[in-house]
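Residues per chain, in single letters:
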Amino acid sequence: MNKTPEAIRGIAAFDLDGTLLRGATVCEVLAKRLGRLEEMKRFETFTAESDIADGRVQMVEWYRGRSVGDLEAHLDDVSWAPGAHEAIRQLHEAGIVVGIASITWRLAVRWFAERLGIRYFLGTDLDQNGEILHVWGRDKARWLQDLADSHGISSDRIAAVGDSAGDSEMLRVAGLRFFVGSKLVPETEPAIHLPGTDLRIVARRIIGEWAG
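Keep in mind that this is a model prediction, so the values were computed, not measured.

Procedures and definitions
- Residues numbered from 1 in each chain as written.
- Predicted model: local features only at pLDDT ≥ 70, side-chain atom pairs only at ≥ 80, totals over all residues.
- Heavy atoms only, no water.
- Helix = DSSP H or I, 4+ residues; strand = E, 2+ residues; numbered from the N terminus.
- Rg over C-alpha atoms; globule rule 2.2 N^0.38 Å.
- Buried < 20%, exposed > 50% of the residue type's maximum accessible area, 1.4 Å probe, protein only.
- Areas by Shrake-Rupley, 256 points an atom, 1.4 Å probe, with all protein chains shown as cover.
- Lys, Arg positive; Asp, Glu negative; His and termini not counted.
- Charge placed at Lys NZ, Arg CZ, Asp CG, Glu CD.
- Salt bridge = Lys/Arg side-chain N within 4 Å of Asp/Glu carboxyl O.
- Polar contact = N/O pair within 3.5 Å; in protein donor to acceptor, adjacent residues only side chain to side chain.
- Contact = heavy atoms within 4.5 Å.
- Arc of directions from axis to C-beta.
- Pairing = 2+ DSSP bridges.
- Axes fitted to C-alpha atoms, helices over the stretch in contact; angles between N-to-C directions.

A.B. asks: Would you take a moment to explain the overall build of the protein for this structure?
C.D. replies: Counting its secondary structure elements, the protein contains 9 helices and 9 strands. In summary, the protein has a C-alpha radius of gyration of 17 Å against a globular reference of 17 Å for 212 residues, a match within 12%. Out of the 212 residues in the protein, the part that is buried amounts to 50%. Total accessible area on the protein stands at roughly 10,400 Å², and carbon and sulfur atoms take up 47% of it. Both charge centroids of the protein, one from 26 positive and one from 32 negative side chains, sit 4 Å from each other.

Structural data, given as structure tokens:
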């Protein structure tokens with residue numbers, strides 16, 4: 001059982017695809033089960049927001065007629081990052097609030113958050129009218145800042161972990177930044193570069209940094 005900390009020592013935010021998960025993305029896993037993997041791989045090469053938004057519209061059509069439960073049933077096919085569960089447990093036990101900020105679908109982010117015991121998460125959603133509520137890199141940064149403000153946490157007690165240029169704005173919110181992608185990109189500097197690392201290493205670095 002996790003111990004209850006007397007005070008919050010800080011906040012750690014993780015990206016999902018490529019950070020907490022490795023290998024195929026959430027959208028690729030769903031697309032594969034729906035016979036749309038090649039189309040999804042093409043979507044994954046998009047960098048312009050307008051193109052990504054158009055891709056999301058097409059994905060919604062793929063999912064139409066399928067329940068949330070049907071889609072969630074495919075998420076067991078993902079590959080977790082080494083040490084992901086233990087790292088989150090260690091952070092929680094150290095009194096650190098943990099969140100997931102992702103541009104992928106909220107239903108999937110919630111599913112993974114529940115399995116890690118994470119209360120706070122962000123992802124692209126659909127409203128009651130079927131309109132897409134898009135999440136972009138800047139939204140991840142704003143969400144993390146708002147989460148920190150709501151807990152009275154200053155930037156020197158915010159950590160962020162990502163793997164791509166899309167995480168750069170979120171990383172800049174944090175005083176402690178980790179990049180687990182294979183090649184550090186200029187937009188994310190300065191960050192501690194730990195390519196493909198076991199996330200228990202990241203957790204230990206965060207806890208050690210805030211030990212005082």
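That was the structure; now back to the text.
A.B. asks: Is there a simple way to explain unusual backbone geometry in this structure?
C.D. replies: It is generally the case that most residues other than glycine have a negative phi and that most peptide bonds are trans. In this chain, Glu 189 is followed by Pro 190 through a cis amide linkage whose omega measures -5 degrees. Structurally, Pro 190 can be placed in the loop between strand S8 (176–179) and strand S9 (192–193).

A.B. asks: How should the side chain of Arg 177 be read in this particular structure?
C.D. replies: Residue position: Arg 177 is located in strand S8. Despite being buried, Arg 177 has no salt bridge partner; Glu 189 is the closest side chain of opposite charge, sitting 9.7 Å away. At 2.9 Å, the side chain of Arg 177 forms a polar contact with the backbone oxygen of Leu 171. A distance of 3.4 Å separates a polar atom in the side chain of Arg 177 from the backbone oxygen of Arg 172. Contacts of Arg 177, omitting those with residues within four sequence positions, involve Ala 160, Leu 171, Arg 172, Glu 189, Pro 190, Ala 191 and Ile 192.

A.B. asks: Before we go on, may I ask you to explain the environment of Ala 31 in this structure?
C.D. replies: Relative to the helices and strands, Ala 31 is located in helix H1 (residues 26–33). Ala 31 sits in the buried class, given a relative accessible area of 1%. If sequence neighbours within four positions are ignored, Ala 31 has contacts with Arg 36, Leu 37, Met 40 and Trp 62.

A.B. asks: Teacher, can you tell me more about helix H9 (residues 199–209) here?
C.D. replies: Given 3.6 residues per turn, any residue in an α-helix points the same way as the ones three and four places further on. What H9 keeps buried is the set Leu 199, Val 202, Ala 203 and Ile 206. Each buried residue of H9 sits inside an arc of 100 degrees when the element is viewed along its axis, so together they form one side. As for H9, its buried residues are in contact with strand S1 (10–14), strand S2 (21–22), helix H5 (84–93), strand S4 (96–105), strand S7 (158–162) and S8.

A.B. asks: Hey, could you run me through the sheet that holds S8 in this one?
C.D. replies: Strands in a sheet are paired, the pairing made by backbone hydrogen bonds, and the direction either parallel or antiparallel. If you trace the 7 strands from one edge of the open sheet to the other, you get S6-S5-S4-S1-S7-S8-S9, paired in mixed fashion. Strands with a single pairing partner mark the edges of an open sheet, and in this sheet they are strand S6 (132–133) and S9. Here strand S5 (residues 120–126) runs beside S6; their pairing, made up of 2 bridges, is antiparallel. By the bridge assignment, Asp 125 is partnered in S6 with Leu 133. Sheet strands in contact with helix H3 (residues 49–63) are S4, S5 and S6, and its direction is about 90 degrees off that of S4. Sheet strands in contact with H9 are S1, S4, S7, S8 and S9, and its direction is about 165 degrees off that of S8.

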